[in-house]
Amino acid sequence: MTTRTNDVVADVLAALHEVLERHQVTEQEWMAALAFLTEIGRADEFVLLSDVTRTSVLIDALSHAGDEEGATASDVEGPLYVEDPPVREGSPAKIYDEYEGMGDADVLIVGGTVTSTTGGPLAGAVVDVWQTGPSGGYDIWDDRQPEMNFRGKIIAAEDGGYRIQTMLPKPYTVPTDGPTGRYLEAVGQHPWRPAHIHFKVSAPGHRTLVTQVFFPDDPYLDDDTIGAVKPALVRPVERRGDHLGCDFDIALAPAG
Ligand SMILES: [Fe+2]
């Protein structure tokens with residue numbers, strides 16, 4: 001084991017043993033806890049559990065405490081990213097197809113410029129986004145939606161500009177039909193997240209940014225079940241003719 005592993009694991013065990021002693025945890029309770037964690041693993045819900053226990057938010061804060069001034073704030077990635085979404089062409093680049101039962105929602109154009117904190121636009125930066133549809137949540141939860149719906153990569157133009165055509169997302173609940181749902185019920189925590197769009201933005205020579213954009217007046221803005229809302233990431237939405245518009249400029253810090 002490395003020194004780092006030795007140090008951290010020893011402290012984790014000391015903290016765990018202290019809690020078990022303080023609460024006089026029984027053999028039966030401990031076996032129930034191990035069975036629960038086994039179930040979390042089988043359901044592939046460790047990231048979700050980390051999110052709803054606000055552990056992911058803590059790790060994000062620890063990992064980005066030293067981020068460059070002027071860089072866009074990072075946020076939790078969550079468990080719903082899918083690798084290799086399609087590149088979406090055009091400006092705005094539309095990231096969805098209509099589907100039966102999608103219901104009404106406003107078209108939203110999100111756009112801005114990707115720049116380096118050292119100055120200058122980042123032409124060719126990859127802006128990878130994912131979000132829920134107006135009904136039914138993420139494509140991977142909803143058979144009615146085509147694969148990769150409301151997901152896509154947009155390539156920033158020469159001036160660093162990008163524009164995405166999407167629909168205004170709505171608040172949704174994290175999955176509650178598995179062991180994490182039972183956990184939430186047991187501790188009396190609601191499963192709702194405010195509406196948001198996930199971003200993963202990369203450019204050569206720069207640190208990849210994972211973040212989320214939120215919108216004002218959302219009922220769960222102050223009560224996100226994973227606690228991931230940052231004021232700097234709440235972006236105004238305004239009517240612009242037949243659609244809504246939201247500006248989100250992105251600044252990446254150089255790598256290393
Ligand atoms: Fe999400």
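All figures in this text were calculated on a predicted structure; none of them were measured in a lab. (Residues numbered from 1 in each chain as written. Predicted model: local features only at pLDDT ≥ 70, side-chain atom pairs only at ≥ 80, totals over all residues. Heavy atoms only, no water.)

Draft legend 1. Here's a closer look at the pattern of salt bridges. Going through the model one piece at a time under the given rule, you end up with 12 salt bridges. For the salt bridge of aspartate 106 with arginine 239, the shortest nitrogen-to-oxygen distance reads 3.0 Å. Of the two residues, aspartate 106 sits in the loop between strand S1 (93–94) and strand S2 (107–116) while arginine 239 sits in strand S10 (residues 238–240), which places them 133 residues apart along the sequence. On the basis of relative accessible area, arginine 239 is assigned to the partly exposed category, the value being 48%. Through salt bridges with shared partners, a single ionic network connects Glu238, Arg240 and Asp247. (Salt bridge = Lys/Arg side-chain N within 4 Å of Asp/Glu carboxyl O. Helix = DSSP H or I, 4+ residues; strand = E, 2+ residues; numbered from the N terminus. Buried < 20%, exposed > 50% of the residue type's maximum accessible area, 1.4 Å probe, protein only.)

Draft legend 2. View of the pairing of S2. Burial within S2 is extensive, with 7 of its 10 residues counted as buried. Pairing of S2 with strand S5 (residues 161–167) involves 7 bridges; the strand directions are antiparallel. When the bridges of S5 are listed, isoleucine 109 appears paired with glutamine 165. In terms of strand pairing, S2 meets strand S11 (residues 243–247) through 4 bridges, oriented parallel. Bridge pairing in S11 links glycine 111 to aspartate 247. Here 3 bridges tie S2 to strand S12 (residues 250–252), and the two strands are oriented parallel to one another. (Pairing = 2+ DSSP bridges.)

Draft legend 3. Fine view of the pairing of S5. With respect to burial, S5 is a largely interior element, 6 of its 7 residues being buried. Two strands pair when backbone bridges link them, and S1 and S5 are joined in this way by 2 bridges, in the parallel orientation. Considered in S5, the bridge of alanine 93 is made with isoleucine 164.

Draft legend 4. Quick peek at helix H5 (residues 179–187). Along H5, the positions that sit buried rather than exposed are Pro179, Thr180, Gly181 and Leu184. On the buried face of H5, the contacting elements are helix H2 (27–42) and helix H3 (46–52). (Contact = heavy atoms within 4.5 Å.)

Draft legend 5. Region of the structure containing the packing of aromatic side chains. This structure, assessed with the given rule, holds 8 aromatic pairs. Looking at lysine 94, its charged tip hangs above the ring of tyrosine 96, at a distance of 4.8 Å from the centre. If you follow lysine 200 out to its NZ or CZ, it ends over the ring of tyrosine 81, 3.8 Å from the centre. (Phe/Tyr/Trp six-rings, centres within 6.5 Å; stacked < 30°, edge-to-face > 60°. Lys NZ or Arg CZ within 6 Å of the ring centre and 35° of its normal.)

Draft legend 6. Highlighting the coordination of the iron ion. The iron ion binds to the protein through Tyr138 (OH), Tyr172 (OH), His196 (NE2) and His198 (NE2), with metal-donor distances spanning 2.0 to 2.2 Å. Seen from the iron ion, its 4 donor atoms lie at angles of 91 to 163 degrees, and the figure they make is irregular. Here the donor residues for the iron ion map to a single chain with the spacing Y-x33-Y-x23-H-x1-H. Of this pair, tyrosine 172 sits in strand S6 (residues 172–173) while histidine 196 sits in strand S8 (residues 196–202), and the two are 24 residues apart along the sequence. Its relative accessible area of 8% is what places tyrosine 172 among the buried residues. Look at histidine 196 and you get buried, because its relative accessible area is 1%. (Donors = N, O, S within 2.8 Å, 3.2 Å for Na, K, Ca; no water. Tetrahedral: all angles 85-135°; square planar, octahedral: opposite > 155°, others 65-115°.)

Draft legend 7. Broad picture of the sheet that holds strand S4 (residues 151–155). Strand order in the open sheet formed by 4 strands is S4-S3-S8-S9, and the pairing between neighbours is antiparallel. Only two strands of the sheet have a single partner each, and these edge strands are S4 and strand S9 (209–214). For this sheet, the mean angle separating the axes of adjacent strands, direction not counted, is 25 degrees. The pairing of S8 with S9 spans 6 bridges and is classified as antiparallel. Bridge assignment links valine 201 to a residue of S9, and that residue is leucine 209. (Axes fitted to C-alpha atoms, helices over the stretch in contact; angles between N-to-C directions.)

Draft legend 8. Representation of a nonpolar patch on the surface within the structure. A contiguous nonpolar patch, built from Val9, Leu13, Leu16, Val25, Trp30, Met31 and Leu34 and spanning about 530 Å² of accessible area, is present on the exposed surface. When contributions to the nonpolar patch are tallied by element, the ones reaching two or more residues are helix H1 (3–22) and H2. Here tryptophan 30 lies in helix H2. (Patch = residues over 30% accessible without salt bridge, like charges linked within 9 Å, V, L, I, M, F, W, Y side chains within 5 Å. Areas by Shrake-Rupley, 256 points an atom, 1.4 Å probe, with all protein chains shown as cover.)

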